[in-house]
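Breakdown of the fold
Take a look at the letters that make up each chain.
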Amino acid sequence: MVSNLYTIRWGILATGGIAQTFTKDLLIDPATRNATDIRHSVVAAASSTSSDRAAKFLQECGVPSTAKAYASYKELVTDPDIDIIYIATPHSHHYQNARLCLEAGKNVLCEKAFTTNAAQAKILVQIAKEKGVFLMEAVWTRYFPLVKELQSIVQKGTIGDVKRVFADLSYKKDVEKEFGPEHRMVNMDLAGGVLLDLGIYSLTWVFQFIYHLQPPSQRQAPIVASSMTKYEKTGCDEMTSIILTFPPNNTHGIATTNIRVSHDPDYQGTAGAPIRIQGTLGEIQVTGLSFRPTTYTLIPASSTTPGSPATFKQEIVTHEIPGRGMFWEADECARCLRDGKKESEGLGWEESIVIMETMDEVRRQGGVKYPERIESTEYPLEGF
């Protein structure tokens, strides 16, 4: 019924490509994804340079002309008509931008990686607690129906006890030609490198099927072993490989990422699934892009007892996505605000912090440190 429909009013902080994709997804009718309890309204956007740029952004996204265009982030956070702000700036800016919003008493959805380091993430969480506002890291993949379906399959014990998860997200790039030294992907001033940009997805698959599915009282941070190869022009990581050992069952998570070779070199899937969730009774293989999964295969293990059938049948399942798929994390935000929740069960504050601590340790082992300005917890700093 219309009376039960909850509308959430969004402000968009930044006007780049990811902000445009997210905003366009917000405008897709929720009924196309069977969401009949919530809807989204984009009421404002802000550019750090000019109101004209923000206005152009809103127009290009197809937002109604009633939306306001701001020339600064400070103006955006004081708008009383905004329920929640989506932060779409580079990783390097997340702490300063998110803190600006939180200090103003705004609910926040902040793009991944949450911050540059765990120390910054902890401060944001503390401010959210003090202000009594909602805060969530925008790891959109976590809210896909396909992912929730797979978590349910694992929790039911269909593939037995999970012993190992492999996850890779890598692209073959001519790094020197395509990125040079200034592109955000390799620019240390913007917290560039594969770990925070692509590796976060590999880590997401590991965490959401090992760490996240444990009872909260039993969750423990993993033991980290890792290796990094640096991009000579800037010093960021261009290849990172991580082995995580999760107590108490010593389950392994292998997360890899790269911008020299691809997980799908011929773009035909010939190389196989980049995601494998392996249990004692079988495994799940997820094909396609790890950040936007559409298909998985259930593969039963052969019985160790001659003549005994497998515990389940092999099955291939495909999910259609009526858009890019970023609306599912937005739907989660809407329902959390409607229900008075300050964090999401899909990715709570504690887990975001543990993942940031894991990436901090990977960077420590690899000798990758960003400029002090973007590692700092000092606030406010100019230029953000």
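Labelled according to an unreviewed UniProt entry, the protein chain appears under the name D-xylose 1-dehydrogenase (NADP(+), D-xylono-1,5-lactone-forming), originating from Lophium mytilinum. The Sequence similarities (unreviewed entry) field of the UniProt record for the protein chain holds the comment "Belongs to the Gfo/Idh/MocA family." The heading Catalytic activity (unreviewed entry) in the UniProt record of the protein chain holds the text "D-xylose + NADP(+) = D-xylono-1,5-lactone + NADPH + H(+)".

1. A closer look at the packing of aromatic side chains
Applying the stated criterion across every chain yields a total of 10 aromatic pairs. With a centroid separation of 5.5 Å and 50° between ring planes, the pair formed by Tyr201 and Phe291 is classed as tilted. Of this pair, Tyr201 sits in helix α8 (residues 194–209) while Phe291 sits in the loop between β12 (282–287) and β13 (295–300), placing them 90 residues apart in sequence. Look at Tyr201 and you get buried, because its relative accessible area is 8%. Assessed through its relative accessible area of 10%, Phe291 is described here as buried. Ring geometry for Phe207 versus Phe246: centroids 5.3 Å apart, planes at 85°, classification edge-to-face. You can see Phe207 sitting in helix α8 and its partner Phe246 sitting in strand β9 (residues 237–246), a full 39 residues away along the chain. Both residues of the pair, Phe207 and Phe246, belong to the buried class. Here a set of aromatic residues connected by ring pairs shows up, and it is made of Trp140, Phe144, Tyr201, Phe291, Phe327 and Trp328.

About the thresholds
Residues numbered from 1 in each chain as written. Predicted model: local features only at pLDDT ≥ 70, side-chain atom pairs only at ≥ 80, totals over all residues. Heavy atoms only, no water. UniProt positions renumbered as here; feature names shortened; annotations may be inferred. Phe/Tyr/Trp six-rings, centres within 6.5 Å; stacked < 30°, edge-to-face > 60°. Helix = DSSP H or I, 4+ residues; strand = E, 2+ residues; numbered from the N terminus. Buried < 20%, exposed > 50% of the residue type's maximum accessible area, 1.4 Å probe, protein only.

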